Amino acid sequence: MFGLGSKNIGIDLGTANTLVYVDGKGIVLHEPSVVAKNRQTGEVIAVGEEARDMIGRTPANIVAIRPMKDGVIADYDTTAAMLKYFMEKALGTGNRPQVMICVPSGVTEVEKRAVIDAARVAGARDAFVIEEPYAAAIGAGLPVMDPTGSMVVDIGGGTTDVATISLGGIVSSRSIRMAGDKIDEAIISYVRQNYNLLIGERTAEDIKIEIGSASTTLAKDIDSMTIRGRDLLTGLPHTIDISAADVAVAINEVVVAIIEAVKETLEETSPEIAADVIDHGIVLTGGGALLKHLSEVISDETRVPVFIAQDPLDCVAIGTGESLKNIEVLKRR
């Protein structure tokens, strides 16, 4: 626990992971957005890392759930309980901080309100929201306040947010529900259909991290991977080798959707900002930025240079935390 007094905090409340940034301290917490609950009583058994280890391994009376889906709250009470746990773990009990939380750029006012209310129920003195691609751009060190156009593609667990930014605001944006989770689902589906093997979310994520590639051509240079699951024909445990080329085929639909979102956002921008983007390139943030060969594929399709941010997993949390410095401006809006 960190006894830090009543500090302001920034929260990257992601579908897959939650990061907490404490003013003056930086990122102090990075845990999965998972809660384990007792089915009968509704009691929270575990949160974060401990709860994630229970996925697919719980007895009948305990369920491990992810209360965020596609970047928004799917289970309000569980999200509030999870936020309370993370805030207390970061600051200690008895604090009522001001909280800045990021949301995907495509969320509705109702979904924004749900996030603010959940933070207040969890113990925040006040709560504000910031759009994910804008926070990602700040965290990646892009000149968001300058009269020059920047473009960021934030690929999280639930959503991919694409935005062009200039003079402290989002000029054009797209938010699609095609991101890390959809890649995992595509891998599970492909393995089931082509190998008659049932694998879980954790295995699919391991495959994505180890041998996942956005390019069916470049994937041929990556070694295959041994995976285990349940054979759908015999019902018994079974081991197979899966190639990176197979995984690239499995996830191609998601990759194409991300590229289309980037193209559509570029088409909407003014010629001046498009020229700035060509000069400075597109910056990738979020866990999905680490997918092998994604930057090359996007660059080939858009004819624009593409770079991966220095700490892609932390960009949104850092940007959310940095925006705490302007919390007084937000209050006056």
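Residues numbered from 1 in each chain as written. Predicted model: local features only at pLDDT ≥ 70, side-chain atom pairs only at ≥ 80, totals over all residues. Heavy atoms only, no water.

Draft legend 1. The sheet that holds strand 1 (residues 9–13), seen in detail. Across the sheet, five strands lie side by side as 3-2-1-9-10; this open sheet has mixed pairing. Only two strands of the sheet have a single partner each, and these edge strands are strand 3 (26–32) and strand 10 (126–131). Across the sheet, the axes of successive neighbouring strands diverge by a mean angle of 20°, strand direction being ignored. Bridge count for strand 1 against strand 2 (residues 17–22) is five bridges, and the pairing is antiparallel. (Pairing = 2+ DSSP bridges. Helix = DSSP H or I, 4+ residues; strand = E, 2+ residues; numbered from the N terminus. Axes fitted to C-alpha atoms, helices over the stretch in contact; angles between N-to-C directions.)

Draft legend 2. Structural detail: the pairing of strand 9 (residues 98–103). Along strand 9, six of the six residues are buried, which leaves the element largely enclosed by surrounding structure. Burial along strand 9 is two-sided: the residues Gln98, Met100 and Cys102 and Val99, Ile101 and Val103 are all buried. In terms of strand pairing, strand 1 meets strand 9 through three bridges, oriented parallel. Residue pairing in the sheet places Ile9 in a bridge with Val99 of strand 9. Where strand 9 lies against strand 10, six bridges are found, and the strand directions are parallel. When the sheet's bridge partners are listed, Gln98 is paired in strand 10 with Asp126. Where the polypeptide runs from strand 9 across helix 3 (residues 109–121) and back to strand 10, its parallel neighbour, the crossover connection is right-handed. (Buried < 20%, exposed > 50% of the residue type's maximum accessible area, 1.4 Å probe, protein only. Right-handed = clockwise from strand over helix to strand, strands pointing away.)

Draft legend 3. How the structure looks around the pattern of salt bridges. Inspection of the entire model under this criterion finds 15 salt bridges. Close ionic contact of Asp117 with Arg113 constitutes a salt bridge, the shortest N to O distance being 3.8 Å. Here Asp117 and its partner Arg113 are both found in helix 3, four residues apart, which amounts to about one turn of the helix. On the basis of relative accessibility, which here comes to 28%, the residue Asp117 falls in the partly exposed class. Since its relative accessible area comes to 43%, Arg113 is described here as partly exposed. Through salt bridges that share partners, Arg66, Asp181 and Glu201 make up one connected network. (Salt bridge = Lys/Arg side-chain N within 4 Å of Asp/Glu carboxyl O.)

Draft legend 4. Layout of empty space enclosed by the protein. Evaluated as defined, the whole model comprises one cavity of 30 Å³ or more. Elements represented by at least two residues in the lining of the largest cavity include exactly strand 8 (72–73) and helix 3. In terms of residues, the lining of the largest cavity owes the most to one element, helix 3, which gives three residues. Residue composition of the lining of the largest cavity, by class: seven nonpolar, one polar and one charged. (1 Å grid on protein atoms, 1.4 Å probe; cavity = no way out; pocket = protein on both sides within 12 Å on 5 of 7 lines; lining within 4 Å. Points joined across faces, edges and corners; volume = space filled by probe spheres on them. Nonpolar A, V, L, I, M, F, W, Y, C, P; charged D, E, K, R; others polar.)

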